[in-house]
Amino acid sequence: QVITGALTVTPGSVTDLMLTPQEERIAAGESLLYTVTARDAFGNSWDATADATFAIALEAGGTWSGRQYTGEIAGAWTVTATVSAAHATAALTVTHGPAASISLTPPSAAITAGERLTYTVIAADIHGNAWDVTADASYTINPGAGGAWDANGYTAEIAGAWTVTATYEGQTNTAALTVTPGDCVCEPDAYEPDDETSQAKSISIGNRQSRNFCDDAVDWITFTAQAGDVYTITTSSWGQRADTSLALFDTDGQTQLRANDDYAGAIEHSSRIVWEAQTNGVYYIRVANQAQLTGCDTEYEIWIEREAQQESPIQTIYLPLVAHNHSAVRSTNQAVAPDALSAAMAPMSVISHTCRDNHEIDDTWQQANPIESGVVQTRTFDSDPVNYAADKDFVYFNLSEGQIITVTVTPTDGLETMMMLHDGLGSALDVTGAKLRSCGRRRRAMGAIT
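Residues numbered from 1 in each chain as written. Predicted model: local features only at pLDDT ≥ 70, side-chain atom pairs only at ≥ 80, totals over all residues. Heavy atoms only, no water.

Novice: Looking at this structure, I do not really get the overall build of the protein. What am I missing?
Specialist: Within the protein, the regular secondary structure consists of 1 helix and 36 strands. Long-range pairs, those at least 24 residues apart, make up 63% of the contacts in the protein between residues at least 6 apart in sequence. Accessible surface, the protein as shown: approximately 23,900 Å² in total, 50% of it carbon and sulfur. (Helix = DSSP H or I, 4+ residues; strand = E, 2+ residues; numbered from the N terminus. Contact = heavy atoms within 4.5 Å. Areas by Shrake-Rupley, 256 points an atom, 1.4 Å probe, with all protein chains shown as cover.)

And the structure:
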């Protein structure tokens, strides 16, 4: 007889473990489930996941919930499972999560126009993982800054304080950039030398000449006039440091006929003379830059228009519409295209006040403030002539016929001042004081009238 009975054979002691998945990649914040398979010495295998304990390096961070691991710190890590005395390992790579913020470096910088600056962008997820996204970010700067981007490098153009913006996966950050003027190359205009009457160059009626004060602060020009005709001589100071003063001389080149500084209605510090010729001849024009400033940003234009003598005693003097653009409209001897006329207007002659006195703004005769007899006024010249036109101060006073006055200016800090007298319409009279060599920032002068 055969007697049978049930026999249950259980696995022996664990001799080997297998941890799956053996190699995996997840992003920070994502989770992964592990399974542990155990074997004994006889080849029996079974699921030992429930009996296993799981571990990962403390530096990896993250959390365990049973056999589920949620990643945190990016890196290559080793996961360990333990059952009894047996161990098994698996490779786990944790990558960064979505970008939650970006940093832009340098956060602030100062460069000179023409120089190139490179930026670096670092992204970070909510777990603090950071990675370089410089090559994948996009970069912008204020439209008025000009310049050019090549990848993460910016070559500066326009001086000023600007904001650089970097963008990556919807995240943005900004950096401050200060651009200072570069070392300019100022080439004398084509009419040089014209520094004295013997070197004066001619200008034709209706022709517009582009000039500058690169190498000297005075230009002499001649033109031919006919008796009875009315001539309008106009300058346009479109360089930031240009402030033209215009004078007309007789055919001898010495007798001043008219003078003007900042004509009425000028939107920059330009000049205009309207004059009727009494005799035929070649007359002289002197154009000077105030404070004798020379160098870059001293460009100006000059042209003459003629209104021929008519039977009617009424004569019409007109001023043409002139487009000023520091970059787009440079050559005025050529026709200006409509698109150039619509280009953004560049700053023209600028007097920049950094530390105004109580009488500013008084840079033109139309802005003049009153001065009373016996009252001393303390004033300053605060426009930086290195970057801008020199400051000017205008005052006005009333005179009776036959009255004699004395105007005294007492400069300080070695400042040399120049005084000019204008009539009630702003035309300069042939009366001047000492010549002005330079205007330093915050130079002070005290003036009085008696």
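Back to the write-up after that little detour.
Novice: What's the story with the packing of aromatic side chains in this structure? I'm lost.
Specialist: Each aromatic ring pair is characterised by the separation of its centres together with the angle its planes make. Under the definition given, this model contains 14 aromatic pairs. Counting every residue linked through ring pairs, the aromatic cluster contains Tyr34, Phe54, Trp64 and Tyr69. The aromatic ring of Trp303 is capped on one face by Arg208, whose charged end is 4.1 Å from the ring centroid. Looking at Arg211, its charged tip hangs above the ring of Tyr191, at a distance of 4.2 Å from the centre. (Phe/Tyr/Trp six-rings, centres within 6.5 Å; stacked < 30°, edge-to-face > 60°. Lys NZ or Arg CZ within 6 Å of the ring centre and 35° of its normal.)

Novice: What am I meant to see in the pattern of salt bridges here?
Specialist: Once their charged atoms are close, side chains differing in charge can pair, the charge on each being opposite to the other. Evaluation of the coordinates by the stated rule reveals 6 salt bridges. With a closest N to O distance of 2.5 Å, Asp194 and Arg211 form a salt bridge. Of this pair, Asp194 sits in the loop between strand 20 (171-180) and strand 21 (201-202) while Arg211 sits in strand 22 (residues 208-211), placing them 17 residues apart in sequence. Neither residue differs from the other here; Asp194 and Arg211 are each classed as buried. Note that Asp219 and Arg211 form a salt bridge whose closest N and O atoms lie 4.0 Å from each other. Sharing partners across several salt bridges, the network here consists of Asp194, Arg211 and Asp219. (Salt bridge = Lys/Arg side-chain N within 4 Å of Asp/Glu carboxyl O. Buried < 20%, exposed > 50% of the residue type's maximum accessible area, 1.4 Å probe, protein only.)

Novice: Is there a simple way to explain the sheet that holds strand 4 (residues 35-39) in this structure?
Specialist: Strand pairing in a sheet relies on backbone hydrogen bonds. The paired strands run either parallel or antiparallel. Read across the open sheet, the 3 strands follow the order 1-4-5; overall the sheet is antiparallel. Only two strands of the sheet have a single neighbouring strand rather than two, namely strand 1 (16-20) and strand 5 (45-47). Each neighbouring strand pair of the sheet contributes to a mean axis angle of 25°, computed without reference to strand direction. Where strand 1 lies against strand 4, 5 bridges are found, and the strand directions are antiparallel. Its bridge partner being in strand 4, Thr20 is matched across the sheet by Thr35. (Pairing = 2+ DSSP bridges. Axes fitted to C-alpha atoms, helices over the stretch in contact; angles between N-to-C directions.)

Novice: Just to check I follow, could you spell out the nonpolar core for this structure?
Specialist: Buried together is how nonpolar side chains tend to be arranged in soluble globular proteins. Of all hydrophobic cores here, the largest spans 24 residues; its most connected members are Leu104, Tyr119, Val121, Tyr168 and Leu177. With 4 residues, the single largest contributor to this core is strand 19 (residues 160-168). The residues contacting Tyr168, other than those within four sequence positions of it, are Ala99, Ile102, Ala123, Trp131, Val133, Asp136 and Ala137. Counting residues in each nonpolar core, the second largest holds 23 residues, with Tyr34, Val79, Ala81 and Val83 among its members. (Core = buried A, V, L, I, M, F, W, Y, C linked by side-chain atoms within 4.5 Å.)

Novice: Looking at this structure, how should I read the confidence of the model for the protein?
Specialist: In low-pLDDT segments, the atomic positions of the prediction should not be examined closely. Averaged over the protein, the pLDDT score is 84; the fraction of residues at 70 or greater is 80%. Counted against residues more than four places away or in other chains, residues 311-347, with its pLDDT under 50, gives 56 contacts. Throughout residues 434-445 the model reports pLDDT below 50, and contacts reaching past four residues in sequence, or to other chains, amount to 59 contacts. (pLDDT = per-residue confidence, 0-100.)

Novice: Help me understand the sheet that holds strand 27 (residues 272-276), please; the structure alone is not making it clear to me.
Specialist: On the basis of which strands lie adjacent, the open sheet formed by 4 strands has the order 22-29-24-27 and antiparallel pairing. What marks the edges here is a single partner per strand, and that holds for strand 22 and strand 27. Averaged over all adjacent pairs, the angle separating strand axes in this sheet is 15°, with direction ignored. Where strand 24 (residues 230-236) meets strand 29 (residues 300-307), 7 bridges bridge the pair, whose relative direction is antiparallel. Paired with Thr235 across the strands is Ile302, a residue of strand 29.

Novice: Quick question: what am I supposed to make of the state of the cysteines here?
Specialist: Note: disulfide means a covalent bond formed between the sulfur atoms of two cysteine side chains. Enumeration over the complete set of coordinates arrives at 1 disulfide. Between the sulfur atoms of Cys186 and its disulfide mate Cys214 the distance is 1.6 Å. Torsion about the S-S bond of the Cys186 and Cys214 cystine: about -70°, corresponding to left-handed handedness. Taken together, the residues Cys186 in the loop between strand 20 and strand 21 and Cys214 in the loop between strand 22 and strand 23 (218-225) connect sequence positions 28 residues apart. (Disulfide = S-S within 2.5 Å.)

Novice: Please explain the side chain of Asn289 as it appears in this structure.
Specialist: Assignment of secondary structure puts Asn289 in strand 28 (residues 281-289). Polar side-chain contacts of Asn289 include one of 3.3 Å to the backbone oxygen of Arg241. Within the structure, the side chain of Asn289 is placed 3.0 Å from the backbone oxygen of Leu293, a separation counted as a polar contact. Leave out the neighbours within four places in its chain, and Asn289 touches Phe213, Ala217, Arg241, Ala242, Asp243, Thr244 and Thr298. (Polar contact = N/O pair within 3.5 Å; in protein donor to acceptor, adjacent residues only side chain to side chain.)

Novice: Would you take a moment to explain unusual backbone geometry for this structure?
Specialist: Residues other than glycine predominantly adopt negative phi, and peptide bonds predominantly adopt the trans conformation. Each neighbour pair has its own omega, and for Thr105 with Pro106 the value is 0°, a cis peptide bond. With respect to the helices and strands, Pro106 occurs in the loop between strand 11 (101-105) and strand 12 (108-112). In this model, Glu192 is joined to Pro193 through a cis peptide bond whose omega is -5°. Turning to its location among the elements, Pro193 is positioned in the loop between strand 20 and strand 21. With phi around 60°, Ala151 is a residue other than glycine that occupies positive phi space. Looking at the secondary structure, you find Ala151 in the loop between strand 17 (148-150) and strand 18 (153-155). Among the residues examined, Ala151 registers a relative accessible area of 66% and is labelled exposed. Even without being a glycine, Ala291 presents a positive backbone phi close to 65°.

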